[in-house]
Amino acid sequence: MIRLMEQCERSIYSQQGEDGIIARIFELIGTDTKFAVDIGAYDGRITSNVLALEDTGWQACKLEGSEIADTDEAKRNGVKKHWVTPENVVELMQTYKVPQNFDFLSLDIDSIDYHVLKQLLDSNYQPRAIVTEYNGSYGPVLPVVVKYPIDPGKLWGDYYGASLAAFYYLLKKHGYRLVYCENNGVNAFWVRDDLATDELPALTPSQAYKPPQYGMKDKYGNYYGHEHRSNGINSGWMEWVDLGLYKY
């Protein structure tokens, strides 16, 4: 099944084949609201995971906190300028009238992704499918995340986001399965268990994990993933997720 998904990787606007994987997932699980949320939307076109869906009639709420949101291109593409945090993510969903059970979430903010996703899920938002950028530097086993609140001065190298295992345990708790990681070791794809078919079997992080391809560039000239520089655990910038496995 992993090999079949691999053959679906295709980019129209996306950076590493996400467009094809997303299309295949919705071919299998169907749609309901045809509403997508893109947190970390950049300019709404370059590396977009939702524009291909919009081309087929979907609606999208696109949020970006950086100055790129002020460009004419971003405005043309409907990008709204907001730094998304655990404290404001639910308010933003309400402001832009995002359905509680919207169809698709793309999450890539290079920092507190895990904490934002946790708040959304804890607030009973249940997208049918999710793509998250994972921090491949920590392999498939270690459940580690960026500490929150963050230290903005340290957001570089391996200090970003969350490991695949950290996302896995969070999403498993909320009824999602891991169905694929694309070949460049950047994005993981998740589907609600109640919607998954036999063609979307539940994978463990070890089965799905792909290592990051440091030093390689995409068609836009951007690096795949992040530059590998230092270990955030050793530097005290990342922290372990408490899975409740050990009681003393």
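In this text, all values refer to a predicted model and were calculated from it rather than measured experimentally.

1. Regarding the overall build of the protein
What the protein contains, in helices and strands, is nine helices and nine strands. When the 248 residues of the protein are sorted by exposure, 52% land in the buried category. The contacts in the protein between residues at least 6 apart in sequence include a share of 71% that link residues at least 24 apart.

2. Section: helix α6 (residues 113–122)
Counting buried residues along α6, seven of its 10 residues qualify, which places the element largely inside the surrounding structure. Of all the residues in α6, the buried ones are D113, Y114, H115, V116, L117, L120 and L121. Just past α6, the residue N124 takes up positive phi, approximately 70°.

3. Things to note about the nonpolar core
Judged by nonpolar contacts, the single largest core of 40 residues is most densely connected at V37, I39, M93, L105, L117 and W190. Here the element with the most residues in this core is helix α7 (residues 164–173); it accounts for six residues. In this structure, I21, L28, A36 and Y180 belong to the second largest nonpolar core, which totals 20 residues.

4. Concerning the sheet that holds strand β7 (residues 176–181)
With mixed pairing, seven strands are arranged side by side in an open sheet as β3-β2-β1-β4-β5-β8-β7. In the strand order of this sheet, the two ends are held by β3 (79–81) and β7, each with one partner. The sheet shows a mean angle of 20° between the axes of neighbouring strands, taken without regard to direction. Of the pairings in the sheet, the one linking strand β1 (residues 35–39) to strand β4 (residues 104–107) comprises four bridges and is parallel in character. Note on β4: the bridge partner recorded for I39 is L107. Contacting β4, β5 (129–133), β7 and β8 (187–192), helix α2 (residues 18–29) crosses the sheet at an angle of about 10° to β8. Relative to β4, α6 is tilted by about 155°, and along the sheet it contacts β1, β4, β5 and β7.

5. Examining unusual backbone geometry
A cis amide bond, omega 5°, links Y148 with the succeeding residue P149. Its location among the elements puts P149 in the loop between β6 (144–146) and α7. Non-glycine residue K34 carries a positive phi angle of around 50°. Positioned with a positive phi, Y42 is a non-glycine residue whose angle comes to about 55°.

6. Considering the pattern of salt bridges
Tallied over the entire structure, the rule returns nine salt bridges. R24 is the partner of E199 in a salt bridge, and the nearest nitrogen-oxygen pair spans 3.0 Å. One end of the pair, E199, is in the loop between β8 and α8 (205–208); the other, R24, is in helix α2, and 175 residues separate them in sequence. The partly exposed category is assigned to E199, whose relative accessible area is 38%. Across the salt bridge formed by R177 and D193, the nearest N and O atoms sit 2.8 Å from each other. Of the two residues, R177 sits in strand β7 while D193 sits in the loop between β8 and α8, which places them 16 residues apart along the sequence. D193 gets classed as partly exposed once you look at its relative accessible area, which sits at 34%. One continuous salt-bridge network, built from bridges that share partners, spans R24, E27 and E199.

Criteria and thresholds
Each chain carries its own residue numbering, running from 1 in the written order of its sequence. This being a predicted model, a pLDDT of at least 70 is required before a residue's local features are given, and a value of 80 or more before pairs of side-chain atoms are given or counted; all residues contribute to the totals for chains, interfaces and linings. Side-chain measures were taken over the full set of non-hydrogen atoms in the model, leaving aside hydrogen atoms and water. What counts as a helix is a DSSP run of H or I of at least four residues, what counts as a strand is a run of E of at least two, and both are numbered from the N terminus. Burial classification: accessible surface area is computed with a 1.4 Å probe over protein chains only, and a residue below 20% of its type maximum counts as buried, one above 50% as exposed, and the rest as partly exposed. The contact criterion used is simple: two residues touch if any of their non-hydrogen atoms lie within 4.5 Å. Take the buried Ala, Val, Leu, Ile, Met, Phe, Trp, Tyr and Cys residues and link them wherever side-chain atoms come within 4.5 Å; each set so joined is a nonpolar core. The rule for pairing is simple: two strands pair if DSSP sees at least two bridges between them. Lines fitted to C-alpha atoms define the axes, with helix axes restricted to the stretch in contact, and inter-axis angles between N-to-C directions lie between 0 and 180 degrees. Here a salt bridge means any side-chain nitrogen of Lys or Arg lying within 4 Å of a carboxyl oxygen belonging to Asp or Glu.

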